[in-house]
Structure formats: structure tokens, C-alpha cells
Number of protein chains: 2
Amino acid sequence: MSAAERVTLKPGDTIGILGGGQLGRMLALAAARLGLKCQVFSPDPDSPAFDVVQYATCAEYADVEALERFATDVDVITYEFENIPSSVATILEARRPVRPNCRILETTQDRLIEKDFVTSLGIPTAPYRAVSSATELHDAVADLGRPAVLKTRRFGYDGKGQAMIRPGDDLVAIWDNLDTRAAILEGFVPFEREISVIATRGADGQVVSFDVTENDHRNHILKVSRAPAAIADDVAARARAIAETIANALGYVGTLAVEMFVAPSDDGLQVLVNEIAPRVHNSGHWTLDGASVSQFEQHIRAIAGWPLAPAVRHGSVTMTNLIGDEVHDFPRWLTVPGATVHLYGKREARPGRKMGHVTVVTGGSEPTPS
Amino acid sequence: MSAAERVTLKPGDTIGILGGGQLGRMLALAAARLGLKCQVFSPDPDSPAFDVVQYATCAEYADVEALERFATDVDVITYEFENIPSSVATILEARRPVRPNCRILETTQDRLIEKDFVTSLGIPTAPYRAVSSATELHDAVADLGRPAVLKTRRFGYDGKGQAMIRPGDDLVAIWDNLDTRAAILEGFVPFEREISVIATRGADGQVVSFDVTENDHRNHILKVSRAPAAIADDVAARARAIAETIANALGYVGTLAVEMFVAPSDDGLQVLVNEIAPRVHNSGHWTLDGASVSQFEQHIRAIAGWPLAPAVRHGSVTMTNLIGDEVHDFPRWLTVPGATVHLYGKREARPGRKMGHVTVVTGGSEPTPS
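Computed from a predicted model, the values in this text were never measured in an experiment.

**Q** Pulling in residues and values, what's your account of the packing of aromatic side chains?
**A** Residues and elements named next belong to chain A. One pass over the structure, following the stated rule, counts twelve aromatic pairs over all chains. Ring centres of Phe-191 and Phe-261 lie 5.1 Å apart, and the angle between their planes is 10°; this geometry places the pair in the stacked category. With Phe-191 in the loop between β8 (183-187) and β9 (193-201) and Phe-261 in strand β13 (residues 254-265), the pair connects residues that are 70 residues apart, well separated along the chain. Taken together, the ring pairs connect Phe-41, Tyr-61, Phe-70 and Phe-81 into an aromatic cluster.

**Q** Explain the interface of chain A and chain B residue by residue, including any values.
**A** Tallying the contact residues gives 36 residues for chain A and 36 residues for chain B. Here chain A meets chain B over a buried area of about 3,300 Å², counting both sides, of which 56% is carbon and sulfur. Our enumeration of links across chain A and chain B arrives at four salt bridges. Salt-bridge contacts for Lys-37 of chain A lead to Asp-51 of chain B; the nearest nitrogen and oxygen are separated by 3.7 Å. Joining chain A to chain B, the criterion identifies ten residue pairs in polar contact (both at pLDDT 80 or more). Broken down by secondary-structure element, the contributors of at least two residues to the side of chain A that touches chain B are α1 (22-33) and β17 (339-343) of chain A. For the side of chain A that touches chain B, the class distribution of residues is 19 nonpolar, ten polar and seven charged.

**Q** I'd like a description of the UniProt feature "domain: ATP-grasp" (unreviewed entry) in chain A, backed by residues and values.
**A** In this structure's numbering, the residues bearing the UniProt feature "domain: ATP-grasp" (unreviewed entry) are residues 115-304 of chain A. For residues 115-304 of chain A, helix accounts for 30% and strand for 34%, while the C-alpha atoms at its two ends are 30 Å apart.

**Q** Would you mind going over the pattern of salt bridges in detail, with residue names and values included?
**A** Throughout the structure, instances matching the rule amount to 50 salt bridges over all chains. Asp-46 of chain B is paired through a salt bridge with Arg-347 of chain B; the nearest N and O atoms lie 2.8 Å apart. Taken together, the residues span a long stretch of sequence, with Asp-46 of chain B in the loop between β2 (37-42) and β3 (55-58) and Arg-347 of chain B in the loop between β17 (339-343) and β18 (354-362) at a distance of 301 residues. For Asp-46 of chain B, a relative accessible area of 39% gives the class partly exposed. Looking at Arg-347 of chain B, the relative accessible area reads 70%, which means it is exposed. For Arg-332 of chain B, the salt bridge goes to Asp-329 of chain B, with nearest N and O atoms at 3.4 Å. Its relative accessible area of 48% is what places Arg-332 of chain B among the partly exposed residues. One network of salt bridges, with partners in common, ties together Arg-33, Glu-297 and Arg-301 of chain A together with Asp-289 of chain B.

**Q** Please set out the sheet that holds β3 of chain B residue by residue, giving values where relevant.
**A** Two modes of strand pairing occur in sheets, parallel and antiparallel, and in both the strands are linked by backbone hydrogen bonds. Residues and elements named next belong to chain B. The four strands lie next to each other as β3-β2-β1-β4, forming an open sheet whose pairing is parallel. Across the chains shown, the open sheet's two edge strands, defined by having one partner strand only, are β3 and β4 (76-79). Sheet twist, expressed as the average angle between the axes of neighbouring strands with direction ignored, equals 20°. Where β2 meets β3, four bridges bridge the pair, whose relative direction is parallel. Bridge pairing in β3 links Gln-39 to Tyr-55. Helix-sheet contacts for helix α2 (residues 64-73) involve β1 (14-18), β2, β3 and β4, and the interaxial angle to β2 is about 170°.

**Q** Could you give an account of the nonpolar core, naming the residues involved and the relevant values?
**A** One finds Ile-15, Leu-36 and Ile-300 of chain A together with Ile-15, Leu-36 and Ile-300 of chain B to be the most contacted residues of the largest nonpolar core, which totals 79 residues. Contacts of Ile-15 of chain A, omitting those with residues within four sequence positions, involve Leu-9, Ala-31, Leu-36, Lys-37, Cys-38, Gln-39, Val-74, Val-76, Thr-78, Ile-300 and Ile-303 of chain A.

**Q** Outline helix α8 (residues 233-249) of chain B, supporting the account with residue identities and numerical values.
**A** Residues and elements named next belong to chain B. Compared with the 24 Å implied by 1.5 Å per residue over 17 residues, the 24 Å span of α8 between its first and last C-alpha is a close match. Among the residues of α8, those classed as buried are Val-235, Ala-236, Ala-239, Arg-240, Ile-242, Ala-243, Ile-246 and Ala-247. The buried residues of α8 occupy an angular sector of 145° when projected down its axis, which confines them to one face. Gly-251, located one to two residues past α8, shows a positive phi value of around 60°.

**Q** Provide a residue-level description of unusual backbone geometry, including the pertinent values.
**A** Leave glycine aside and you will find that most residues have negative phi; peptide bonds, for their part, are mostly trans. All names here are of chain A. Across the junction of Arg-146 and Pro-147, the peptide omega takes the value 0°, indicating a cis bond. Residue placement: Pro-147 occurs in the loop between α6 (134-144) and β6 (148-152). For the bond from Ala-227 to Pro-228, the omega torsion is 0°, close enough to zero to count as cis. For His-220, which is not glycine, the phi dihedral falls at a positive 70°. Looking at the element boundaries, His-220 is found in the loop between β11 (213-218) and β12 (221-227).

**Q** So what's going on with the domain arrangement of chain A? Residues and values would help.
**A** Taken domain by domain, chain A comprises domain 1 (14-98), domain 2 (127-187) and domain 3 (193-362). For domain 1 of chain A versus domain 2 of chain A, the separation of C-alpha centres amounts to 35 Å.

**Q** Explain the side chain of Lys-223 of chain B to me, and be specific about the residues and the numbers.
**A** Residue and element names in this part refer to chain B. By the element assignment, Lys-223 lies in strand β12 (residues 221-227). Taking the relative accessible area as the measure of exposure, Lys-223 reaches 15% and is therefore buried. Looking at Lys-223, its side chain comes within polar contact range of the main-chain oxygen of Asn-321, at 2.8 Å. Sequence-distant contacts of Lys-223, that is, excluding residues within four places in its chain, are made with Asp-216, His-217, Arg-218, Met-319, Thr-320, Asn-321, Ile-323 and Glu-326.

**Q** A description of the relation of the copies chain A and chain B should follow, citing residues and the corresponding values.
**A** Superposing chain A onto chain B requires a rotation of 180° together with a translation of 0.0 Å along the rotation axis, leaving an RMSD of 0.0 Å. Both chain copies can therefore be described as sitting about a two-fold axis. Of the interface residues in chain A, 100% have counterparts in chain B that sit at the interface too, so the contact is made through matching surfaces.

**Q** Describe in detail the pairing of β6 of chain A, supporting the description with residues and values.
**A** Residue and element names in this part refer to chain A. Of all five residues that make up β6, five are buried, and the element is covered over most of its length. The alternating pattern of β6 places Ala-148, Leu-150 and Thr-152 and Val-149 and Lys-151 on opposite faces, both of which are buried. Strand direction decides the pairing type here: β6 and strand β7 (residues 162-165), joined by four bridges, are antiparallel. Looking at β7, one finds that Val-149 is bridged to Met-164.

About the cut-offs
Residues numbered from 1 in each chain as written. Chains lettered and ligands numbered in written order. Predicted model: local features only at pLDDT ≥ 70, side-chain atom pairs only at ≥ 80, totals over all residues. Heavy atoms only, no water. Phe/Tyr/Trp six-rings, centres within 6.5 Å; stacked < 30°, edge-to-face > 60°. Helix = DSSP H or I, 4+ residues; strand = E, 2+ residues; numbered from the N terminus. Contact = heavy atoms within 4.5 Å. Buried area = accessible area lost by both parts, 1.4 Å probe. Salt bridge = Lys/Arg side-chain N within 4 Å of Asp/Glu carboxyl O. Polar contact = N/O pair within 3.5 Å; in protein donor to acceptor, adjacent residues only side chain to side chain. Nonpolar A, V, L, I, M, F, W, Y, C, P; charged D, E, K, R; others polar. UniProt positions renumbered as here; feature names shortened; annotations may be inferred. Buried < 20%, exposed > 50% of the residue type's maximum accessible area, 1.4 Å probe, protein only. Pairing = 2+ DSSP bridges. Axes fitted to C-alpha atoms, helices over the stretch in contact; angles between N-to-C directions. Core = buried A, V, L, I, M, F, W, Y, C linked by side-chain atoms within 4.5 Å. Expected span 1.5 Å × (residues − 1). Arc of directions from axis to C-beta. Domains from an automatic or database assignment. Least-squares fit on C-alpha atoms with pLDDT ≥ 70 in both.

Dropping the structure here:
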């Protein structure tokens, strides 16, 4: 990194956050503890992150003037969602360092490019094929078998932009329904469990990862995360090494999450990469209460050019998302010993909407250095 | 408490904080985690608490219109400093519930009234005499002996508004220099250690206290706090019972701190009350990292009418204040295992100014329920 690109913030400097959801809100809270200010840019007037910063911009991402003013007001820029239009990235990067850098998004915004990248590092993924027509879909399914999952290469999340392909399904209908020319077919992985590793790579290249998290999804949305994952030490070490390799190969600065499968194979258990999220991640929220430093603070330290903290877990941790109406249940968690309630300040409890989470820490045995 | 005075906030409601220092800042951060908004009222344009809230009022406490608008904008009001003029309290209380209620300040803003109140509960304090003239000072010193400490009854803090009286000192000169008609003479306490108890009393009257904290001062300013204090269990129990009695007797809602001395006496160790702070307190900052809930969150829960959390300590905790220039040292703490750095966002590192603190948690043995 050249001297011109090096970022070293001092307390009182300002971080610009693109996006105003709960991830941005929690990033701003972590920055505040370190005496760093944040400004938030988001088109949503009800952005959760607006509540916790003195200055915010509510404007569309297409509002070039607003983006330029935002960039001028801050010392470094980061983002809390990965589907930033490249035009936005270009405008911002012309004025201020963006961390992690936007070129990473070219890899992570496209499932095919992402899988090619991961496999190029010698890291296994689910089997996959590029698909750009009904014919290619037919060939891909013949290759990988059923069941399989057809996904748009870009813009899908939480189960949207994808379709299961089961025995007997009409491929032409599925292809028409997905309505894209850029798709990927992923072979089914009979996984034993889904895990993720939250890792942070600092400006100096140091990588610190947290203990492996085990994740239970419900209707494609994360419901419960547990740390440490109930996996053997060697499997955990492999997973963390994978995240470290990816962070280094991307030249990443900040916190990222690598979602993986643990699946049986002929040689014992295999760890396969599912997806990379170039941001703080729901499966890392447990670190706010269950570790000596949170994924949010590590991200702030990294983009500020500060050294990372050692990540020490306290005991066994379980995080439960409060989704939609479940949030009305939060009062009963207030008196549970070891429980910490986090509410995101969203007004409307729509179905499937992440309204908050509860983390329970138990055990608290001798801290486990990572 | 009548139904009209009962406060039960819901997520999305707003707490008004009078005062914009680091205590207000940390209260706002704690409220944010619970999905509660805060608005800050402070005359200081550089208020640390302004950074972390969307709406703030920068106006003098004498600005009645500004106070009224502030009160109308929020659902409940609290304060982060105890020297609120009674006129301000009157204006605010006419419009919104103030928690803890302002009548408590009549007791805590006056050292004489406070000591009379504590002793009326059967709780010991340092020996003391009211002093309103040079003659009364002479008689009081004859009673209590030297050394002794002469303090103004109101408005002193961190060593200001007080004078040591040592053998040979000229009492008339000291009296003239203190320049007041309302003073109190406190007899010297040969204490073994200074401790404090941070306790919270909820809207329903439940009191939860944290483990006793041991405090080291330097030039009248807190420098280091340790929890748990190195005292015998029965002494700790006595100290916590004292704090609970005071909170109940005051009909207090919120977090308070009771500073005490542990001093030798003919019957073993005695616990004497030194001062009551009707607010969150520097000696309770360790709870942010060393306990399952912080003093700030407990205060927010109490004033919101929510139940308190059980307060469980994680291991041994040491908090060190970063005062004045010491704050420039903060980078070396960033990589110490178990250390959490807190910076208050203040621009100027003036001598004696609290710029931040560092908390180190070690051990993390089985959590100790309180």
C-alpha cells in the first residue's frame, strides 16, 4: 500500500458508513467507544444507524452531489452492505480511501467469480457450473445431479434469487421464472452443519479470527448462532485457515465472514466454502458479548489503520435472532442471567425482518485465546 | 408511585439526557443497544454525548424555551451530573417524568444534608460538624481535631471547594479563603481503603448492586478502580447493604454510587459512607467489560420502567483512567489481551481532564452471581 493510501485515523476523526441498517448502527456504536465519529449515508429515512450519529445523509445512492459531500466530510469510508453499485464506489474512491477496497466487491458480488476465486486458492466449494441458458441448465443438471440449487450470479440474499431443483422439476419453467441470463448451478451438499468464520485483516496484514461459529437457518434466514462450533479442533483450524487465506488473497482490510459447510467425505469431514460476505455478519454478533473484542470494533480498528485486538472468547455463546413479531418477546429475555438484549431501533416488525438479537453467555471458564 | 407517574418506555421511545459529558455519552450508547433513542441537552458545543445521538440541544440551562422544547421531545428525562439548578428541575418536572426524581438532589447536593440523611438511617459517616462562621470553625476543629477537611456544603467536586486543616494552620485565613457561609467540617478518617458500591433501583423497587469496587485516587481524581475489592465477604456484604438501604430510603430510580471508607475501629473494620453520587459513576465503568450488564444499561432499564438485569461479574477487573496527556498513550493498550479501550471523544487533553479509560479483565473464572 502506498503512503498516499495508508490510513491512520486519530480519535475525533470521522468514518463514513455507506448503508444505514443494523450493521451500520453497530459499527457506529463500536467506533464511538474508540472516540471515533461516524457519518451515515443511506436512502432510508428510518435507517437504524441514523439514531446513533450526529450527522447523517438521507439521499439516494444515485445522488452524486450528496455522495461527494459525504465523502468530503469524512476521513475514510466503509460499507455495511455489499451490493454497492460500482458507480457509487467510483465516486467515493476518487475522494477518500474506501475500506475494504471496492475491487473486492467485483469478486464477492458475483457467485461465479467468487467460486472461481476460492477454488483458485485450492479451497473446496460445492460443485458448480456457470449457466446462461436453459440448455446450459439442462447440461449442468445432468452433470451435478438433483437436488441442486440454481442461483442468480448477482443480487440474491436470504433466499431470494434462487430456486431448488428437485427430481421431476421442469427446468425450462424454473429457468424462465428466475428471469436472468447470468446464473450458477450449485450441487447439493449433504452437510453435517453450517459454520462461519469471522476474521479481520488489519491494515498491516495481520489477520485475527474468532472461534468458529455454528449456524442454524430457518427459511434461509439465520436464526441461531453458537460459538464455539461443536467441531473437532482440526476442522476448526482448517476453517479458520481458509478464512485467513481468503482475507490475505483479497488484500482485505476490515472484518469479513466466510460461510462454510462441514460435510462428510471419503476422507473424513470436509470444509467447503459457501459464501464470502465482505462485511461484518449476523453470525458474528455473538462477539459483542461473548468475546473480548467485537467483530465491529475489529473492523473499525482495521479501517482506521489501528492494530487489531487479540480475540478471546468468554465461555459458550448462543445468539438468537429476533425476527419479525418475535421482537415483541424481548422483555422476557431482560432478566435471564447472562443474556444481553440488542434491539435495532426498527419501527415495523415485518415478517422475516431482523429486529434484534439476544446473546446468552454461559460457562465463562478460563478465557480461550484464539 | 401513581399511574400518572409510572414510566414504561417501548423501543423507539426517547430518553432525554441533561448534560453532555462522557457519562451522558455512555448512557446514550447503552440506550441505543436497547433500541431506545436519546436526546442530549448541554450548553457545551463540544459535548462528548452529542456525537452519538441524532438530536441534541446546545443551549444554556437558563434557556427556558429550549428546556421546554427538549422536555416535549422526549418521553422521560435523566441527568448525568448532579448539580442541576432547582429551577431547571422544576421546569422539566412540570412536563415529563424525571428519573431519578429531583427531590433526591436536595439531599445529595448538600454535604451536610446528605450526612444527616445517612446517619439518620443508622449508617456511619466520618464525624462532622456544620460550620457557618470562623467561630464555628474554631469550635468544630476543637471537637474533631486535626487533621480535618473543611468543605463547602454545595458545588464542590474532584477536590475543589475544600481545604485540609493541619496542625498549625490559620483557621481564619482558611475560612476567608473558602469564601462561603455554608460549610461542613469532616473529621479525618484513617481509612485502610476507599471503596464504592454501584447499585441500581428499578421502578418496581428491586435493587441490584455490583460487586464492591476498590478505588485509588490521585490528586482527588479517581485513577484506578478494581473489582472485586480485596475485602472480606462480610465487609462487602455490609457495603452493599448500605447502598441498598440508601437507594430504598431515597425512593431512587436509576443507578447511583455510594463512596465509602473501610477504616479500622475497636470492633474490627468499619464501613463509613463518604459521598452519594445520584448518577452513574467513574468507579462503575468497569461494568462495561467486566460484568454481564453495565451500570449504564441498568440505569436505562430502571428509568425506562424495565426490569433490571442480574449483575454477574466476569473475573477480576481493573479500570484505569486516562487523564489529560495520558490519553496519548492509548495505542499501547490496543493490543493488550483482555484490555478494552474507551475514549470519550474530547478534543483537548487538558490537565486533570478525564479523556478515556482502559479496562482489563483477567481470570474469567466461573461467573460470580451477585
